[in-house]
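Here is what each chain is made of, one letter per residue.
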There are 2 protein chains.
Amino acid sequence: MLVNHGMNQLASLSIARSYSFASSIAAVLRRQSFLIRARGGGVHNKVHSTKTEADAVSILRAITPTLDPTRHKGQAGKIAVIGGCREYTGAPYFAAISALKIGADLSHVFCTKDAAPVIKSYSPELIVHPVLEESYSVREEERKQVSAKVVAEVDKWMERFDCLVVGPGLGRDPFLLDCVSEIMKQARHSNVPIVVDGDGLFLVANSLHLVHGYPLAVLTPNVNEYKRLVQTVLKCEVDDADAHGQLSSLAKQIGGVTILRKGRSDLISDGDIVNSVSICGSPRRCGGQGDILSGSPFLLVLVLQYFYLGHAKPFVAADRNPTVLGCIAGSALLRKAASLAFETRKRSTLTTDIIECLGRSLEDICPAY
Amino acid sequence: MLVNHGMNQLASLSIARSYSFASSIAAVLRRQSFLIRARGGGVHNKVHSTKTEADAVSILRAITPTLDPTRHKGQAGKIAVIGGCREYTGAPYFAAISALKIGADLSHVFCTKDAAPVIKSYSPELIVHPVLEESYSVREEERKQVSAKVVAEVDKWMERFDCLVVGPGLGRDPFLLDCVSEIMKQARHSNVPIVVDGDGLFLVANSLHLVHGYPLAVLTPNVNEYKRLVQTVLKCEVDDADAHGQLSSLAKQIGGVTILRKGRSDLISDGDIVNSVSICGSPRRCGGQGDILSGSPFLLVLVLQYFYLGHAKPFVAADRNPTVLGCIAGSALLRKAASLAFETRKRSTLTTDIIECLGRSLEDICPAY
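Conventions adopted
- Residues numbered from 1 in each chain as written.
- Chains lettered and ligands numbered in written order.
- Predicted model: local features only at pLDDT ≥ 70, side-chain atom pairs only at ≥ 80, totals over all residues.
- Heavy atoms only, no water.
- Axes fitted to C-alpha atoms, helices over the stretch in contact; angles between N-to-C directions.
- Helix = DSSP H or I, 4+ residues; strand = E, 2+ residues; numbered from the N terminus.
- Parallel < 35°, antiparallel > 145°, perpendicular 65-115°, else oblique.
- Contact = heavy atoms within 4.5 Å.
- Nonpolar A, V, L, I, M, F, W, Y, C, P; charged D, E, K, R; others polar.
- pLDDT = per-residue confidence, 0-100.
- Least-squares fit on C-alpha atoms with pLDDT ≥ 70 in both.
- Salt bridge = Lys/Arg side-chain N within 4 Å of Asp/Glu carboxyl O.
- Buried < 20%, exposed > 50% of the residue type's maximum accessible area, 1.4 Å probe, protein only.
- Buried area = accessible area lost by both parts, 1.4 Å probe.
- Polar contact = N/O pair within 3.5 Å; in protein donor to acceptor, adjacent residues only side chain to side chain.
- Left-handed = near helix turned anticlockwise from the far one by under 90°.
- Pairing = 2+ DSSP bridges.
- Right-handed = clockwise from strand over helix to strand, strands pointing away.
- Phe/Tyr/Trp six-rings, centres within 6.5 Å; stacked < 30°, edge-to-face > 60°.
- Lys NZ or Arg CZ within 6 Å of the ring centre and 35° of its normal.
- Lys, Arg positive; Asp, Glu negative; His and termini not counted.

**Student:** Help me understand the packing of helix H7 (residues 199-206) of chain B against helix H8 (residues 223-234) of chain B, please; the structure alone is not making it clear to me.
**Tutor:** Each pair of packed helices can be described by the angle between their axes along with the distance between the axes. Residues and elements named next belong to chain B. Interhelical geometry of H7 versus H8 gives an angle of 5° and a closest axis separation of 10 Å. Between H7 and H8, the crossing angle belongs to the class labelled roughly parallel. For the pair formed by H7 and H8, the contact residues are Leu 201, Phe 202 and Ala 205 on the first element and Glu 225, Arg 228, Leu 229 and Thr 232 on the second. The residue inventory of the contact of H7 with H8, partitioned by class, reads four nonpolar, one polar and two charged.

Here it is, written out as structure tokens:
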């Protein structure tokens, strides 16, 4: 059950609602500054490992900015989704449109040439770049050249993005995944936060170095993806009797990345505290639902911007990892939206219905005015 | 007229609503177990041939599972539709989206390359594979190689599917139908239930061996498709004065497959009992309506899972063929949805309107909570 508006003082903290966003170039500098602090432990004071039901609603309220008429397009977040291939077009659309529906200003998709017209047709709101290539369309002798071109096409946009979502509908074509590995390296080089989901997790499980030790990486596995990660990294099977401990170990083993394990309760850890989010939710498990969550890095962006801008105050500060806070907020928002959709649609609830409820979910928790 | 909720004790049987689903590999074993029982007569006690108006609403209530938050994506059913060519794209979409709207988790479509972008654009909820080929795009000398590739592309997914729907918008291209014949053989080899509709029935009428004697095959002919089947198999014309007897003979002649003859009343038989479903319905006969029914194998899946899991209790057990029960439930659900759509849309009722009413139809008959 959600607490009422105004019940929690944190929600009304003016400091949590009165900050401005910065330009792209400055953002890079701030990201670097954040990384230094995060790695040095100046901001995070990782001294305890506890299990706690996160106060997700309060976090969401605290990080959601006041709408400010003086801002211009792009200042409320620019997201890029890397995904969409010959087989899959729905997943990247769900991720990209979800970011817009919860308040981001611009949402890009980088996909294959086959997928682009379809994803464009789902919504005129998205900016879709048909730049990725799959093996079947590239001759062996062209691969090196094509790969360099693909990576350059994405990289020229990189500094503009506040967050990269890698994986929804990516597929598993080896050539495509090689290109995406290079894109992830570029993103990391530019200190752009990376959310990894779907087939991006397949890639990461086989190439852990892509995210290992990167504090701005978030992995969002479902049941099967989590199983693969545990088997690959911890060399054992999933142990639900010690779900919190195992999640914490997994995050630690990948160098302190943040992991959001989707499930009946969502579990979130960076190797330190394990948070769970259990509010609301829906019993439907339709395909695509998870893509909404990977498309909510807008919330992650908000939290990071707190830190970059030095606005971190008692609530979202000091001993809290901003990527963990972003995950908690994203989880709460999706679960609330899913429960709103289920109220009306019941067994016929589809991902599109849940996305339609994202705005109301945010408004219910945190009214615009 | 539908009976009120709670009128029938069967509807509230907790055993009928509290079962869990199993993994794909286990599903294959269970399908095999079912086949053995079905062929050996252990489960079916086919001793009488009667004509009866099915208690479709009670069946639907009894087989619809409780929504369980502990389940994960895919456990409530994964359906694949084989159909969609240069000319037809609506039919496979109707079939695939209908499965999702009545509760399945994932719905795939395997179609030609021309059809794929269009079907994808209808809905981001579907996973559409552009793998089928028609004669015009394949040179004579390439056919064998292309056919093998097409069949392999579908087969690598086969074990994941709980049901295959063959035929909506398939067209009649000879090369394409040859490939689909091989796909059906693979499905049968894997004991995957097959629902055959539309041009799939044209294929089957000319290649009866594809379904002959397969207890997990369901044919869903409309007036013309039924006429062709009767002419081909029974070597006579349709005799409406002996509709039940002729349907029963037809099913027997095809080795005990289940046939759902669509009409003013839907008639269902596996060569044993002939059931009719007459509730609700709509006087509109818009194109595509039948595709909803072929897309409702989700219900068939539910009934089969009862048997696989040994949860078959007095109502859906012993002397009832699960494919027949699935057809009765699907028929009732569609007829109710069609009548709901007609209440609002009258003469302008289209298939899309009926699909939009599937959720309410299921909820009216069997509330989610």
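**Student:** Honestly, the confidence of the model for chain A in this entry has me stumped. Any pointers?
**Tutor:** Residues shown with low pLDDT carry predicted positions that ought not to be read at fine detail. Residues and elements named next belong to chain A. Chain-level pLDDT for chain A is 82 on average; 79% of the residues reach the 70-or-more range. Per-residue pLDDT, averaged within each element of chain A, yields its smallest value for helix H1 (residues 24-40) (48) and its largest for strand S4 (residues 127-132) (98). Predicted confidence is poor over residues 1-26, with pLDDT under 50, and the contacts of this stretch with residues over four places away or in other chains come to 58 contacts. Interface confidence for the predicted complex, expressed as ipTM, amounts to 0.81; the pTM equals 0.84.

**Student:** Would you mind showing me how to read the relation of the copies chain B and chain A here?
**Tutor:** Both copies of the chain are related by one operation, a rotation about an axis with a shift along it. When chain B is fitted to chain A, the residual RMSD is 0.1 Å, and the transformation amounts to a turn of 90° plus an axial shift of 0.1 Å. Read as a symmetry element, the transformation amounts to a four-fold axis. Rotation axis and chain B: the residue whose C-alpha lies nearest the axis is Ser 121 of chain B, separated from it by 4.6 Å. The two copies present different faces, since only 3% of the interface residues in chain B are matched by interface residues at the equivalent positions in chain A.

**Student:** Got a minute to help me understand the pattern of salt bridges in this structure?
**Tutor:** Pairing between side chains of opposite charge can happen when their charged atoms approach one another. The tally for this structure, following the rule as stated, stands at 30 salt bridges over all chains. For Arg 172 of chain A, the salt bridge identified is with Asp 199 of chain A, shortest N-O distance 3.1 Å. Taken together, the residues span a long stretch of sequence, with Arg 172 of chain A in the loop between strand S5 (163-166) and helix H6 (174-189) and Asp 199 of chain A in helix H7 (residues 199-206) at a distance of 27 residues. As a salt-bridge pair, Lys 185 of chain A and Glu 182 of chain A come within 3.1 Å of each other at their nearest N and O atoms. You can see Lys 185 of chain A and its partner Glu 182 of chain A sitting in helix H6, three residues apart, about one turn around the helix. A relative accessible area of 39% places Lys 185 of chain A in the partly exposed class. Connected through salt bridges with shared partners, the residues Arg 345 and Asp 353 of chain A together with Lys 101 and Glu 356 of chain B form a single ionic network.

**Student:** Help me understand the interface of chain B and chain A, please; the structure alone is not making it clear to me.
**Tutor:** Interface size is commonly expressed as the accessible surface area that is lost when the partners come together. Between chain B and chain A, the residue contacts involve 38 residues of the former and 26 residues of the latter. Note on chain B versus chain A: buried area summed over both sides is about 2,700 Å², and carbon and sulfur give 55% of it. Contact with chain A buries area across many residues of chain B, yet Lys 120, Pro 124 and Glu 125 of chain B alone supply 22% of it, more than any other trio. The closest approach of N and O atoms between Glu 356 of chain B and Arg 345 of chain A, which form a salt bridge, is 3.4 Å. Inspection of the chain B/chain A interface yields 13 residue pairs in polar contact (both at pLDDT 80 or more). Broken down by element, the side of chain B that touches chain A gets its largest block of residues, four residues, from strand S4 (residues 127-132) of chain B.

**Student:** Please explain the packing of H8 of chain B against helix H9 (residues 243-253) of chain B as it appears in this structure.
**Tutor:** Residues and elements named next belong to chain B. Packing of H8 against H9 brings their axes to within 10 Å, and their N-to-C directions diverge by 60°. Considering their axes alone, H8 and H9 lie oblique with respect to each other. For the pair H8 and H9, the crossing hand works out as left-handed. Of the residues in H9, those in contact with Tyr 226, Leu 229, Val 230, Val 233 and Leu 234 of H8 are Ala 243, Gln 246, Leu 247, Ser 249, Leu 250 and Gln 253. Residues of the contact of H8 with H9, tallied by class, amount to eight nonpolar, three polar and no charged.

**Student:** Can you walk me through the pairing of strand S3 (residues 106-112) of chain A in this structure?
**Tutor:** Remark: a regular strand shows side chains that alternate across the two faces of the sheet. Residues and elements named next belong to chain A. Among the seven residues of S3, seven are classified as buried, and the element is accordingly described as predominantly covered. Of the strand pairs in this sheet, strand S2 (residues 78-82) and S3 are connected by five bridges, and their pairing is parallel. Bridging from a neighbouring strand, Ile 79 pairs with Ser 107 of S3. With respect to chirality, the unit in which S2 leads through helix H3 (residues 90-101) into the neighbouring parallel S3 is right-handed. Summarising the sheet, S3 and S4 pair through five bridges and their orientation is parallel. Counterpart to His 108 in the pairing with S4 is Ile 127. In the classification by handedness, the crossover that spans S3, the intervening helix H4 (residues 115-122) and the parallel S4 is right-handed.

**Student:** It is not clear to me how the packing of aromatic side chains should be interpreted in this structure. Could you clarify?
**Tutor:** The geometry of an aromatic ring pair is captured by the separation of the ring centres together with the interplanar angle, meaning the angle of the planes. Counted under the stated rule, the structure contains seven aromatic pairs over all chains. Their ring planes at 10° and their centres at 6.5 Å tell us that Trp 157 of chain A and Phe 161 of chain A sit as a pair that is stacked. Assigned by exposure class, Trp 157 of chain A and Phe 161 of chain A land together as buried. Here the aromatic rings of Phe 110 of chain B and Phe 161 of chain B are separated by 5.9 Å at their centres, their planes lie at 80°, and the arrangement is edge-to-face. With Phe 110 of chain B in strand S3 (residues 106-112) and Phe 161 of chain B in the loop between helix H5 (143-158) and strand S5 (163-166), the pair connects residues that are 51 residues apart, well separated along the chain. The same class applies to Phe 110 of chain B as to Phe 161 of chain B, namely buried. If you follow Arg 86 of chain B out to its NZ or CZ, it ends over the ring of Tyr 136 of chain B, 3.9 Å from the centre.

**Student:** Any chance you could explain unusual backbone geometry here in plain terms?
**Tutor:** One can expect most non-glycine residues to show negative phi and most peptide bonds to be in trans. The phi torsion at Lys 235 of chain A lies on the positive side, around 55°, for a residue other than glycine. Position of Lys 235 of chain A relative to the elements: it lies in the loop between helix H8 (223-234) and helix H9 (243-253). One non-glycine residue, Asn 191 of chain B, lies in positive phi territory at about 60°. By the secondary structure assignment, Asn 191 of chain B is in the loop between helix H6 (174-189) and strand S6 (194-196). Among the residues examined, Asn 191 of chain B registers a relative accessible area of 7% and is labelled buried.

**Student:** Looking at this model, I keep getting lost on the side chain of Asp 173 of chain A. Mind explaining?
**Tutor:** Residue and element names in this part refer to chain A. Its location among the elements puts Asp 173 in the loop between S5 and H6. One buried charge, Asp 173, has no salt-bridge partner; the nearest side chain with opposite charge is Arg 143, at 6.6 Å. Polar side-chain contacts of Asp 173 include one of 2.8 Å to the side chain of Ser 135. Setting aside residues no more than four positions away along its own chain, Asp 173 makes contact with Glu 133, Glu 134 and Ser 135.

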